[in-house]
Amino acid sequence: MLAAICVGTNDLTTATQFYDDVLATIEMVRLSENNIEVGYGNAETQEVTFWVLLPYDKQPATFGNGTQVMFKASSHEAVQAFHSAAITLGGQNEGLPGSRDYSEGYYGAYVRDLSGNKLHVFYLPPSK
């Protein structure tokens, strides 16, 4: 069972400012923090499912080719807000919000955070 996802950063302060605003668009909030990591999740459950951290080995943070972190949004508008917030805060566009042919009704967008980590936000309507 998957418990959480971690991404590395070389500047925790800047990354935290970025993720505070971007993740708020999909109702995720900061739940835990210390001098090496910050955890985000659902305010209602208080469960941390996404971590941003300084690498434990004190080497520079890097990102993997083909690696992405996926976030589920509650609507098309939330996907657009996530993408817009990320770009406004200095992230890089990797795919504008729009329909994708992954499955019927799939709507998503892609960005890279300030450390180059690829983020994918999507909305998929409930099955009929």
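Quick look at the structure, then. Quick caveat, the model's predicted, so the values are computed rather than measured. (Residues numbered from 1 in each chain as written. Predicted model: local features only at pLDDT ≥ 70, side-chain atom pairs only at ≥ 80, totals over all residues. Heavy atoms only, no water.)

With 27 residues, the main nonpolar core has Tyr19, Leu23, Ile26, Phe50, Phe71 and Phe82 as its most contacted residues. Broken down by element, this core gets its largest block of residues, six residues, from helix H1 (residues 12–24). Not counting residues within four places of it along the chain, the set of residues in contact with Leu23 comprises Met28, Tyr40, Phe50, Phe71 and Phe82. (Core = buried A, V, L, I, M, F, W, Y, C linked by side-chain atoms within 4.5 Å. Buried < 20%, exposed > 50% of the residue type's maximum accessible area, 1.4 Å probe, protein only. Helix = DSSP H or I, 4+ residues; strand = E, 2+ residues; numbered from the N terminus. Contact = heavy atoms within 4.5 Å.)

The backbone phi angle of Gln46 is positive, close to 60 degrees, even though this residue is not glycine. Position of Gln46 relative to the elements: it lies in the loop between strand E3 (37–42) and strand E4 (47–53). Not every positive phi belongs to a glycine, and Lys58 is a case in point at roughly 65 degrees. In this fold, Lys58 is placed in the loop between E4 and strand E5 (69–72). Classification of Lys58 by relative accessible area gives exposed; the value is 75%.

Turning next to the sheet that holds strand E7 (residues 107–112). Read from one edge to the other, the open sheet built from four strands follows the order E5-E8-E7-E6, with strand pairing classed as mixed. The two strands at the open ends of the sheet, each matched to only one other strand, are E5 and strand E6 (92–99). Sheet twist, expressed as the mean angle between neighbouring strand axes with direction ignored, is 15 degrees. Here six bridges tie E7 to strand E8 (residues 118–123), and the two strands are oriented antiparallel to one another. Pairing of Tyr110 across the sheet is with His120, part of E8. (Pairing = 2+ DSSP bridges. Axes fitted to C-alpha atoms, helices over the stretch in contact; angles between N-to-C directions.)

Below, the discussion takes up the sheet that holds strand E2 (residues 28–33). An order of E1-E4-E3-E2 is seen for the four strands of this open sheet, with the pairing classed as mixed. Whereas interior strands pair on both sides, the edge strands pair on one side only; in this sheet they are strand E1 (5–8) and E2. Between one strand axis and the next, the sheet turns by 30 degrees as a mean value, whatever way the strands run. Of the pairings in the sheet, the one linking E2 to E3 comprises five bridges and is antiparallel in character. In the sheet register, Met28 faces E3, and the bridge partner there is Asn42. Packed onto the sheet, H1 meets E1, E2, E3 and E4 and runs at close to 5 degrees relative to E3.

Fair warning: the whole summary comes from geometry, so function is off the table for now.
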